[in-house]
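One letter stands for each residue in the lines below.
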Amino acid sequence: MARADQRKKALGKKPVLWRKQHGVLIAAAVVVLAAAVLLGGCSTAGGKLFGYSELLMDTDIELQFYCRSSGESRRVKQALFNEMGRLEQLLSCSDPGSEVSAINRAAGKEPVPVSPETAAVIRKALECSSISSGAFDPTIAPLLERWGFREGRYRIPPPEELAQFRAVVDYRLLEAKDGAIYLPRAGMALDLGGIAKGYIVDRGLDLLAEAGISHALINAGGDVGILGPKADGSSWRVGLKHPRGGGIIAVIPRDKRGAIVTSGDYERFFEEDGVRYQHILDPRTGMPASALLSVTVVAPTAVEADALSTALFVLGPQRGLALVENLPEVEAVMITPQLELLISSGLRGLVERSGE
Ligand code: ADP
Ligand code: MG
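Residues numbered from 1 in each chain as written. Chains lettered and ligands numbered in written order. Predicted model: local features only at pLDDT ≥ 70, side-chain atom pairs only at ≥ 80, totals over all residues.

Asker: Tell me about the site of ligand 1, residues and numbers included.
Answerer: As a structural note, the neighbourhood of ligand 1 is formed by 22 residues, with Gly193, Gly194, Ser263, His279 and Thr310 the closest of them. Tallied by class, the residues present in the shell around ligand 1 amount to eight nonpolar, eight polar and six charged. (Near = placed C-beta within 6 Å. Nonpolar A, V, L, I, M, F, W, Y, C, P; charged D, E, K, R; others polar.)

Here is the structure:
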């Protein structure tokens, strides 16, 4: 499958940025086998495996599903990418025409009515903020801006600047009611970069299920959504990228609907004086979280797996694992700076280590 490899270098003494290599790869080739179940619409009975990819959300979206005819598969694929593109436009933080940008422009002025989709993502984001005690915070945008992660002008903000931004980074200030969102302080801003992709993958899986598909996988640059097993009943195998090498460090199998989402410090970062500064910030300190190299979360939905992978990255190994052990059907694999794999109880014995 094609992979985005958009390696960019800033000029002169500016920091170097490596933008987006896939956090997760599909490790095993998918074998085409006949399915046993007959469903309406794009039935998978006698289905063939179709694979597509499309550049959306700043990444290559990989889509694989079993379907009876190529005409039907093309129709479904197009509907899926159209819907994912529509949601990306609503939720984007960089597009001035998005609902999120409208909310940000109205900060300190007035509530902004939003679509049910935007309201749902914000509700999910606040839930994750609350269970992670604020490690995940969708109002992190002003801090991301100070570090230059929003527009690509990377810098290390002085401590007094970071202190000043505490007043506008706090999810508890956000007001959501009657289908409208309000950021009550001027200077507040939302960034849904830690959760939107997961939500969009879930909606993609819904669309596939509604089209009668029962064996599918969507990989949105490390946010992997899975629908059922492969057509022969076996598990999809999702490989976790080695955070400091090119290969796969471990494989997680899954054979039912759910998500496997990775956040890594190798996805978006710059280096200055030999120190790596990556894009997941700790809202308490204003600094990039640095206790882990990578966090993979397995959960029933991609929206929660996405937000939680970002949250656990901030919480670090002890608090992160403690949180996961308290959440039903949520599991995690964390990779420490010593390249140790910390695996939550429900995944032990299931994660397959690869040779490094
Ligand atoms: P990716 O899409 O690159 O896999 P992640 O899901 O790991 O990203 O989330 C990282 C993104 O989340 C950042 O680029 C930023 O937009 C946002 N973010 C950074 N820190 C936080 C935080 N503490 N809480 C919520 N969102 C964050
Ligand atoms: Mg995330």
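Asker: Please provide a residue-by-residue account of the pairing of strand E4 (residues 48-56), values included.
Answerer: Bridge analysis of E4 against strand E5 (residues 59-67) gives nine bridges, and the strand direction is antiparallel. Looking at the pairing, Glu54 lines up with Ile61 of E5. Counted between consecutive antiparallel strands, the loop separating E4 from E5 contains two residues, among which Met57 sits at a positive phi close to 50°. (Pairing = 2+ DSSP bridges. Helix = DSSP H or I, 4+ residues; strand = E, 2+ residues; numbered from the N terminus.)

Asker: Give a detailed account of the sheet that holds strand E8 (residues 180-182), specifying residues and quantitative values.
Answerer: Read from one edge of the open sheet, three strands run E6-E8-E7, paired in antiparallel fashion. The open sheet has two free edges, formed respectively by strand E6 (112-113) and strand E7 (175-177), since each of these has just one partner strand. Bridging between E7 and E8 involves three bridges; their strand directions are antiparallel. Each bridged residue has a counterpart across the sheet, and for Ala176 the counterpart in E8 is Ile181.

Asker: I'd like to hear about helix H7 (residues 302-325), residue by residue, with values.
Answerer: Given a rise of 1.5 Å per residue, 24 residues ought to cover 34 Å, yet the end C-alpha atoms of H7 are separated by just 18 Å, more than 12% below that figure. A maximum bend of about 135° is found in H7 at Gly316, where proline Pro317 lies one to four positions downstream. Buried residues dominate H7, accounting for 17 of its 24 residues. (Expected span 1.5 Å × (residues − 1). Bend = angle between axes of the 7 residues up to and from the residue. Buried ≥ 20, exposed ≤ 12 C-beta atoms within 10 Å, placed from the backbone.)

Asker: Could you give me a rundown of the sheet that holds strand E13 (residues 258-264), with the residues and numbers involved?
Answerer: Paired through their backbone hydrogen bonds, the strands of a sheet run either parallel or antiparallel. Taken together, eight strands build an open sheet; the order of strands is E4-E5-E9-E10-E13-E16-E17-E18 and the sheet is antiparallel. Each of the sheet's edge strands pairs with one partner strand only, and the pair in question is E4 and strand E18 (341-343). Direction aside, the axes of adjacent strands within the sheet are offset by 10° on average. Where E13 meets strand E16 (residues 294-299), six bridges bridge the pair, whose relative direction is antiparallel. Within E16, the position partnered with Val261 by the bridge is Val297. (Axes fitted to C-alpha atoms, helices over the stretch in contact; angles between N-to-C directions.)

Asker: So, the pairing of strand E10 (residues 223-227): which residues are in play, and what are the values?
Answerer: Buried residues dominate E10, accounting for five of its five residues. Here E10 shows a buried face lined by Asp223, Gly225 and Leu227 and a second buried face lined by Val224 and Ile226. Strand direction decides the pairing type here: strand E9 (residues 216-220) and E10, joined by five bridges, are antiparallel. Bridge pairing in E10 links Asn219 to Val224. Linking two consecutive strands that pair antiparallel, namely E9 and E10, is a turn of two residues; a positive phi of about 55° is found at Gly221 within it. Here four bridges tie E10 to E13, and the two strands are oriented antiparallel to one another. Its bridge partner being in E13, Gly225 is matched across the sheet by Ala259.

Asker: Pulling in residues and values, what's your account of the confidence of the model for the chain?
Answerer: Per-residue pLDDT for the chain has a mean of 87; in total, 87% of the residues score no lower than 70. In this model, residues 1-40 is a region of pLDDT below 50 whose contacts with residues beyond four sequence positions or in other chains number 97 contacts. (pLDDT = per-residue confidence, 0-100. Contact = placed C-beta atoms within 7 Å.)

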